[in-house]
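# Analysis of the macromolecular model
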Amino acid sequence: MGYAHVYAHEIMHRGRVPMEPADFVPDWADRPRKAKFHPDAETLPLPESPESPEQAAGAVRGFTLPLLSGMLRDSYGLTGRRLAVQANTDLAALPHYTHANWSRGTASGGGLYPVSVHWAAGPGGPLTPGLYHYAPHQHGLRRLLTGDVTGEVRSALGPGAGAAAAATQYLVLGVKYWQNAFKYNSFSFHAVSMDVGALVQTWRLWAARYGLRIDPVLWFDEERLARLLGVAAEEEGIFAVVPLTWDGASEPGGRTTPTDAAPADATPTDAAPTDAAPVARHRDVERSRRVLVFETLLRIHGATAGRAADRPAPDALDAAAAFPPRGGDPLPLPAPPAPPVTTARALRERRSSFGRFDASRPLAAGPFAAALADCAATAYGTEAERPGGPPLTSLYAFVNHVEGIAPGAYAYDPAAHTLRLRVPGPPGSFLQRNYFLSNYNLEQAGAVIVPTVRTTAVLDAVGDRGYRLVGATIGAVAQTFYTTAAAFGLGAGVALGFDNISYQEELGLTGTDEAPLLIMLLGHDRPRPADFRHEIA
């Protein structure tokens, strides 16, 4: 049994046994930047993207620079400023520009956004081949190295990577731990694993509108990719590699014509060396004067570090599949209605409700059913999850105020699209009693949806790196939930500050390995909220 089992146990019990360091207090005055900073790197602005698939020029055969630009902006780019009257604890600081909260399409634990997006651009693309970092605040690409590094990425993927080995363009997702650990210390690894899954799911939802696929690879030589990015392996984890199908690209090593004009030739200072493994020439500059090291974080990073040789068989996760739903007689749900707005608009309008829920208007059963169905259909989609394989997640719903459904705790059956009663009666008292923060009144939400994963079974099936898979799977579910809620104009919130063990006990999961890892609140917000209109300011 590896260390990931120990970490998973501590995460589940942290509501009763605090994780070390228990007396930690964040130094907000010395917090890190909200994104990486490469002061000497050239920044290339990204173009406007088509507003809809119909506006894309011709049939979409793969990504283009405008499409990639749109996906990056709608996922991690800054799309507006948030300054609304709500119940979160940071509200007093937000009117000050230095503490401004900028909205993004993707959710993030604590709003910290620690995932770094790098583009290994190979031949056949619109840019001079090289390594680029996406700068969300400028919505541009910082060139860190010139020269084709995709061969290094393919070598890191190793044998058995399937179609990913044939790509000429890759997005590499890293997590700079200090961007989250300065606030959440040892707990941060759990949170950032979900952040990666949320980002990948945003890309999957966005790309699906154009008929494009997002299939992340999770097993690879992590140390090799960390060296390529120019980061210390213990300071930044490499969590996923996403191959992109590019419009007009050929096989690796083949000849092709760029789809867009390339920028000016690179200067000698960022050219790739020819006699050694490529390494980014520009490095991130840390803002914090003091960077702390947390032993638990170092241990779980080391335990879950990626190695291509450890890639599991395609059916390995079958042993960790979700259990069939159990409970009372099935209660049929209405067919999920079609969302009234596009994915792109839903991503632009996504936000957390933070205490604005209003129980005076019950939640309609249709959107509630849509949220359940969409979340149940969500998977992280790595090479370890075979197409058509069994799901890893189960869904439970605590119903407070949903039209036509009696209050109680239910198990969701996605195959039959029904609910099965597990605990009758209003759950509001239980929900609020087991929530640690003051930014939500859970009883005012129409329903609270709880995804579970058999965490220890996943770790037994694929090893300690499976912890990153578990977190990313839950993060992907959370992002689907947020996007569906926004598409129906509903309030939503996702929280980690609850007693996981109490939820196990309440749902009758004690003695199983089902782990409740997230609570997702859905309902109506109070009408006419006071908000800052950044677009007319």
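Refer to the structure printed above.
First things first, this report covers the structure right here in the doc. A quick note: this is a predicted structure, and the numbers were derived from the prediction, not measured.

## Side note on the overall build of the protein chain
Scanning the protein chain for helices and strands turns up 13 helices and 16 strands. Going through the 537 residues of the protein chain one by one, you find that 57% of them count as buried. For the protein chain, long-range pairs separated by at least 24 residues make up 80% of all intrachain contacts whose partners lie at least 6 apart in sequence. Surface exposure of the protein chain reaches about 21,200 Å², of which carbon and sulfur atoms provide 54%.

## Considering unusual backbone geometry
Cis peptide bonds are those with omega within 30 degrees of zero, and the linkage from E20 to P21 qualifies with -5°. Its place among the elements puts P21 in the loop between α1 (3–13) and β1 (43–45). Even without glycine at this site, Y113 takes up a positive phi of about 50°. As for its position among the elements, Y113 is in the loop between β3 (101–103) and β4 (115–121). Judged by relative accessible area, which is 7%, Y113 ranks as buried.

## A word on the packing of aromatic side chains
As enumerated under the stated definition, the model contains 22 aromatic pairs in all. When the centroid spacing of 6.1 Å and the interplanar angle of 40° are considered together, the rings of Y177 and F189 count as tilted. Of the two residues, Y177 sits in the loop between β7 (169–176) and α4 (178–184) while F189 sits in helix α5 (residues 188–208), which places them twelve residues apart along the sequence. Geometrically, the ring pair formed by F189 and Y467 is tilted, given 6.3 Å between the ring centres and 40° between the ring planes. Of this pair, F189 sits in helix α5 while Y467 is found in helix α12 (residues 466–487), placing the two residues 278 residues apart along the sequence. The same class applies to F189 as to Y467, namely buried. One aromatic cluster is present, formed by Y7, Y177, F189, F239 and Y467 through successive ring pairs.

## Focus: α12
The periodicity of an α-helix, 3.6 residues per turn, causes residues three or four places apart in sequence to face the same way. Compared with the 32 Å implied by 1.5 Å per residue over 22 residues, the 31 Å span of α12 between its first and last C-alpha is a close match. Where burial is concerned, most of α12 is hidden: 22 out of the 22 residues are buried. Following α12 by one or two positions, G489 adopts a phi angle in the positive range, close to 70°.

## Description of the pattern of salt bridges
This model, assessed by the stated rule, comprises 20 salt bridges. Between D247 and R61 there is a salt bridge, with its nearest N and O atoms 3.2 Å apart. On the criterion of sequence distance, the pair formed by D247 in the loop between β8 (236–244) and α7 (295–304) and R61 in the loop between β1 and α2 (65–75) is long-range, its members being 186 residues apart. With a relative accessible area of 14%, D247 lands in the buried category. Judged by relative accessible area, R61 falls into the exposed class, the value being 61%. Across the pair D513 and R454 runs a salt bridge, and its minimum N-O distance is 2.9 Å. Taken as a pair, D513 in the loop between α13 (500–506) and β15 (514–516) and R454 in strand β13 (residues 447–454) lie far apart in primary sequence, 59 residues in all. Residue class for R454 comes out buried when judged on its relative accessible area of 13%.

## Overview of the side chain of K176
Tracing the backbone through its elements, the reader meets K176 in strand β7. Overall, K176 belongs to the buried group, its relative accessible area being 12%. Engagement of the side chain of K176 in a polar contact is seen with the side chain of E286, the distance being 2.8 Å. Once residues lying within four places of it in the same chain are set aside, the contact partners of K176 are P114, E235, E236, D284 and E286.

## Some points on the environment of P332
Structurally, P332 can be placed in strand β9 (residues 330–332). Dropping the residues within four chain positions of it, P332 is found in contact with H417 and T418.

## Considering the sheet that holds β7
Pairing is antiparallel across the open sheet formed by six strands, whose spatial order is β1-β6-β5-β4-β7-β8. The sheet is open, and its two edges are formed by β1 and β8, each paired on a single side. Sheet twist, expressed as the mean angle between neighbouring strand axes with direction ignored, is 30°. In this sheet, β7 lies alongside β4 in antiparallel orientation, the contact comprising seven bridges. Residue pairing for β7: V115 is matched across the bridge by V175. Sitting on the sheet, α2 is in contact with β4, β5 (130–135), β7 and β8, with an inclination near 170° to β4.

## Regarding the pairing of strand β11 (residues 408–413)
Side-chain direction in a regular strand flips from residue to residue, so the side chains alternate between the two faces of the sheet. Most of β11 sits out of view: six of its six residues are buried. The alternating pattern of β11 places G408, Y410 and Y412 and A409, A411 and D413 on opposite faces, both of which are buried. Both strand β10 (residues 393–399) and β11 contribute to a ladder of four bridges, which runs antiparallel. Bridge pairing in β11 places V399 opposite G408.

## Here we look at the pairing of β8
Within β8, nine of the nine residues are buried, which leaves it mostly tucked inside the rest of the structure. As paired elements, β7 and β8 share eight bridges and run antiparallel to each other. By the bridge assignment, V175 is partnered in β8 with G237.

## Observations regarding the nonpolar core
Counting residues in each nonpolar core, the largest one holds 112 residues, and the members touching the most others are F63, W119, W203 and F368. Those residues in contact with F63 that sit more than four places away from it in its chain are L68, M71, A207, L212, I214, L244, T245, W246 and D247. A156, L228, L229 and V241 belong to the second-largest nonpolar core, a separate cluster that totals 24 residues.

## Section: the packing of α1 against α7
At a closest axis distance of 9 Å, the pairing of α1 and α7 adopts a crossing angle of 130°. Comparing their axes, α7 and α1 come out oblique. Here α1 and α7 pass one another in a crossing that is left-handed. Residues Y3, A4, Y7 and E10 of α1 pack against T296, R299, I300 and A303 of α7.

## A look at the packing of α2 against α5
In the contact formed by α2 and α5, the axes pass within 10 Å of each other and the chain directions differ by 135°. When the interaxial angle is binned, α2 and α5 end up oblique. In this structure, the crossing between α2 and α5 has a hand that is right-handed. Mapping the contact onto sequence places L67, G70, M71, L72, D74 and S75 in α2 and L199, T202, W203 and W206 in α5. Among the residues making up the contact of α2 with α5, the classes are represented as six nonpolar, three polar and one charged.

What counts and what doesn't
- Residues numbered from 1 in each chain as written.
- Predicted model: local features only at pLDDT ≥ 70, side-chain atom pairs only at ≥ 80, totals over all residues.
- Heavy atoms only, no water.
- Helix = DSSP H or I, 4+ residues; strand = E, 2+ residues; numbered from the N terminus.
- Buried < 20%, exposed > 50% of the residue type's maximum accessible area, 1.4 Å probe, protein only.
- Contact = heavy atoms within 4.5 Å.
- Areas by Shrake-Rupley, 256 points an atom, 1.4 Å probe, with all protein chains shown as cover.
- Phe/Tyr/Trp six-rings, centres within 6.5 Å; stacked < 30°, edge-to-face > 60°.
- Expected span 1.5 Å × (residues − 1).
- Salt bridge = Lys/Arg side-chain N within 4 Å of Asp/Glu carboxyl O.
- Polar contact = N/O pair within 3.5 Å; in protein donor to acceptor, adjacent residues only side chain to side chain.
- Pairing = 2+ DSSP bridges.
- Axes fitted to C-alpha atoms, helices over the stretch in contact; angles between N-to-C directions.
- Core = buried A, V, L, I, M, F, W, Y, C linked by side-chain atoms within 4.5 Å.
- Parallel < 35°, antiparallel > 145°, perpendicular 65-115°, else oblique.
- Left-handed = near helix turned anticlockwise from the far one by under 90°.
- Nonpolar A, V, L, I, M, F, W, Y, C, P; charged D, E, K, R; others polar.

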